[in-house]
Amino acid sequence: MGYAHDYAAAIMQRGRVPMPPVDFVPNWSDGPRKAKYYPGVDSLPLPAADYPADASLDRAFGFADGAPGAGEFDLTSLSGMLLDSYGLTGRRLGVQANTDLSALPFYPLANWSRGSASGGGLYPVSVYWVSGPKGPVTPGVHYYSTRHHTMQRLLTGDVSGEVREALGGYGADTDTDQYLVLGIKYWQNSFKYNSFSFHAVSMDLGAAVQTWRMWAGARGLSVEPAMWFDEARLQKLLGVDGEEEGVFAVVPLKWAQGQAGSPTGPGPDNVSVRHRDIERSREVFTFDALLKMQAATSEHAPERPAPGALAPAAAPPVNPDLPLAPLPAARPMPGDVRTVLRRRRSSFGRFDASRPVTAEQLAACLAASSTGSRLGGDTGTGPGAGTGDGVRLAKLYAFVNHVDGLEPGAYEYDPDARELRLVKAGRPGEFLQRNYFLSNYNLEQAGAVLVPTVRTSAVLDAVGDRGYRLVNATIGAVAQSVYTACSALELGCGVALGFDNVSYIEELGLDATGEAPLLIMMIGNERPAPADFRYEIA
């Protein structure tokens with residue numbers, strides 16, 4: 001067993017056995033920027049993005065007819081996808097229960113909204129665009145500057161062959177030389193969460209990719225990430241230190257109106273971005289668990305699992321002996337993806353139990369969550385691998401507090417039949433609040449608390465330590481799906497990692513299946529007439 005098993009066990013126990021360093025306190029005044037800073041590089045402004053009228057959220061989730069993956073990206077659609085997922089879209093300020101409320105009115109600490117969720121609002125994912133000669137710009141490597149919605153040129157020259165070689169054949173069927181490469185600069189998160197940060201950032205990766213999948217799906221485009229590739233080769237290409245920034249995913253883009261030409265081969269041995277990110281923090285710390293997880297999950301990165309390797313780690317089936325709780329048909333999700341992503345935010349203690357969630361709304365949130373439970377990609381399980389044997393890794397449980405037509409209790413969700421099975425009857429509010437560590441939510445006031453689980457140890461046994469990234473990316477994708485669905489349904493939503501994982505294992509009886517509850521997602525109606533300030537910038 002590799003180190004990832006030890007780290008996963010420590011995460012499960014951290015509510016009872018704190019992870020070192022237990023005395024660490026963030027130095028907020030010396031924190032990093034929320035994006036990388038490359039001074040002196042040229043910038044390419046991205047075009048304004050149109051959005052088709054039929055780009056509905058139902059189509060994004062696969063609930064409506066459409067031809068997924070048939071379309072091709074161009075510069076306009078790439079611009080729109082990046083802006084709506086990770087670009088800054090507005091300023092938020094509201095009276096709520098989070099601990100950073102007192103700081104938000106001050107402009108240097110302003111809270112800028114984005115379409116994707118992120119643990120702690122830190123957004124550590126770095127997006128690079130490697131463009132070859134078939135693309136719309138001079139070939140090279142660009143960094144997506146979220147604050148300016150521009151591409152910053154880091155390297156000029158066709159190095160798309162380097163990415164193609166690093167992928168080892170994944171995505172060859174797209175015949176493309178356009179790639180999005182997703183890195184994570186650890187200090188952007190570890191300055192706050194220290195050893196816990198690897199757990200959080202790998203979920204951030206999944207949230208960002210799931211936003212792309214929904215956005216692209218609504219337009220008939222396809223986004224499927226590769227998560228196994230030669231990571232060291234891409235770190236060298238991007239000019240990043242492997243202990244400071246991990247490369248977590250590569251997305252080949254099917255590109256429109258490409259120029260003729262044969263795919264290029266790998267570049268010279270010394271090809272590398274020479275520009276370096278300038279760190280704001282005067283003092284940067286490293287954390288032993290974080291360094292070990294980066295080393296463990298990158299060691300065998302080029303060794304892609306065989307098709308079907310994840311089958312033994314699939315989410316367990318529902319228990320047919322449990323009492324059935326039928327759900328009505330999921331409520332349709334009105335609106336287009338862009339509008340819904342603009343509205344997405346965390347509730348932070350605004351839930352109001354006097355207005356229950358409807359069973360149709362709950363059914364829609366549960367159905368949406370299942371679209372993120374199969375992240376796909378190159379693991380030998382998704383459509384990108386050409387095997388068609390998609391494995392659902394995540395299973396969902398629902399603690400029902402206030403839902404019309406459903407008795408309070410803990411349920412497990414059957415995504416195929418779209419129905420619930422009662423695990424434990426009774427009001428769960430006291431259990432939920434007792435096992436939550438923070439004071440920014442009253443969980444009893446939520447209509448329901450959704451809990452995704454993955455058989456983490458089984459995934460690691462099946463595909464090795466790098467599977468930890470896949471586990472958490474899948475959970476992040478589920479969370480982003482639920483956030484987006486709640487935004488469409490005009491429900492509040494909040495996601496949290498600060499809870500006693502072991503107590504949930506005991507409450508739901510998960511010891512026998514090896515399922516690990518990895519976050520909690522609260523949904524419900526909010527108090528009317530909130531005190532909010534919103535200023536849209538995109």
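Q: For this particular structure, what's the right way to read a nonpolar patch on the surface?
A: Taken together, the side chains of Phe533, Tyr535 and Ile537 present a nonpolar region at the surface, about 310 Å² in accessible area. Mapped onto the elements, Tyr535 comes out in strand 17 (residues 532–536). Accessibility expressed as a relative area gives 51% for Tyr535, which makes it exposed.

Q: Looking at this structure, I do not really get empty space enclosed by the protein. What am I missing?
A: Vacant regions in the atomic arrangement are exposed by a probe of water-molecule size rolled over the atoms. Here the structure, examined in full by the defined rule, presents three cavities of 30 Å³ or more. Counted as a void, the largest cavity has a volume near 70 Å³. The wall of the largest cavity is formed by 13 residues, among which Ala35, Val125, Ser126, Tyr143 and Thr146 lie closest to the centre. The leading source of residues in the lining of the largest cavity is strand 4 (residues 125–131), at three residues. Of the residues assigned to the lining of the largest cavity, the class counts are eight nonpolar, three polar and two charged.

Q: Honestly, the packing of helix 1 (residues 3–13) against helix 14 (residues 501–508) in this entry has me stumped. Any pointers?
A: Interaxial distance between helix 1 and helix 14 falls to 6 Å at its minimum, and their mutual angle equals 80°. One way to sum up the angle between helix 1 and helix 14 is to call them roughly perpendicular. Contact residues: Ile11, Met12 and Gln13 in helix 1; Asn501, Val502 and Ile505 in helix 14. Broken down by class, the residue content of the contact of helix 1 with helix 14 amounts to four nonpolar, two polar and no charged.

Q: Help me out: how do you make sense of the confidence of the model for the protein in this one?
A: Close inspection of predicted coordinates is inappropriate in any region flagged by low pLDDT. Of the residues in the protein, 93% have a pLDDT of 70 or more, and the chain-wide mean is 91. Note that pLDDT drops below 50 for residues 377–389; the model gives that stretch 37 contacts with residues more than four away or on any other chain.

Q: When you look at the sheet that holds strand 1 (residues 43–45) in this model, what are you seeing that I'm missing?
A: Hydrogen bonds along the backbone pair up the strands of a sheet, which may run parallel or antiparallel. As summarised here, the arrangement of the six strands in space is 1-6-5-4-7-8, forming an open sheet in which the pairing is antiparallel. In this open sheet, the two strands that pair with only one neighbour each are strand 1 and strand 8 (245–252). Averaged over all pairs of adjacent strands, the angle between their axes in this sheet comes to 30°, without regard to strand direction. The sheet contact formed by strand 4 and strand 7 (residues 178–185) spans seven bridges and is antiparallel. Along strand 7, the bridge assignment pairs Trp129 with Leu180. Lying on the sheet, helix 3 (residues 75–85) is in contact with strand 4, strand 5 (140–145), strand 6 (150–156) and strand 7; it crosses strand 4 at an angle near 175°.

What counts and how
Per-chain numbering applies: the sequence of each chain, read as written, is numbered from 1 onward. Given that the model is predicted, a residue must reach a pLDDT of at least 70 before its local features are reported, and side-chain atom pairs must reach 80 or more before they are shown or counted; all residues, however, enter totals for whole chains, interfaces and linings. Excluding hydrogens and water, the side-chain values take into account all heavy atoms of the structure. Each patch is built from residues that are more than 30% exposed by relative accessible area and take part in no salt bridge. Like charges join if they lie within 9 Å; nonpolar side chains (Val, Leu, Ile, Met, Phe, Trp, Tyr) join within 5 Å. Note on areas: Shrake-Rupley, 1.4 Å probe, and residue coverage restricted to the protein chains presented here. Criterion for a salt bridge: a side-chain nitrogen of Lys or Arg within 4 Å of a carboxyl oxygen of Asp or Glu. Each helix is a run of DSSP H or I of at least 4 residues and each strand a run of E of at least 2, with the numbering of both proceeding from the N terminus. Each residue's exposure class comes from its accessible area (1.4 Å probe, protein chains only) as a fraction of the maximum for that residue type: buried when under 20%, exposed when over 50%, partly exposed otherwise. The pocket and cavity definitions rest on a 1 Å grid over protein atoms only: a 1.4 Å probe that fits but cannot leave marks a cavity, an open set with protein on both sides within 12 Å along at least five of seven lines marks a pocket, and residues lining either have an atom within 4 Å of a point. Grid points are joined across faces, edges and corners, and a volume is the space filled by probe spheres set on the points. All residues other than Ala, Val, Leu, Ile, Met, Phe, Trp, Tyr, Cys, Pro, Asp, Glu, Lys and Arg, Gly among them, are scored as polar; the first ten of these are nonpolar and the last four charged. Every axis corresponds to a line fitted to the C-alpha atoms, with the helix fit spanning only the stretch in contact, and the corresponding angles, defined between N-to-C directions, vary from 0 to 180 degrees. Orientation is classified from the angle alone, with under 35 degrees giving roughly parallel, over 145 giving roughly antiparallel, 65 to 115 giving roughly perpendicular, and any other angle giving oblique. By definition in these notes, contact holds between two residues if any of their heavy atoms fall within 4.5 Å. A residue's pLDDT is the confidence the predictor assigns to it, expressed on a 0 to 100 scale. Criterion used throughout: strands pair if DSSP finds at least two bridges between them.

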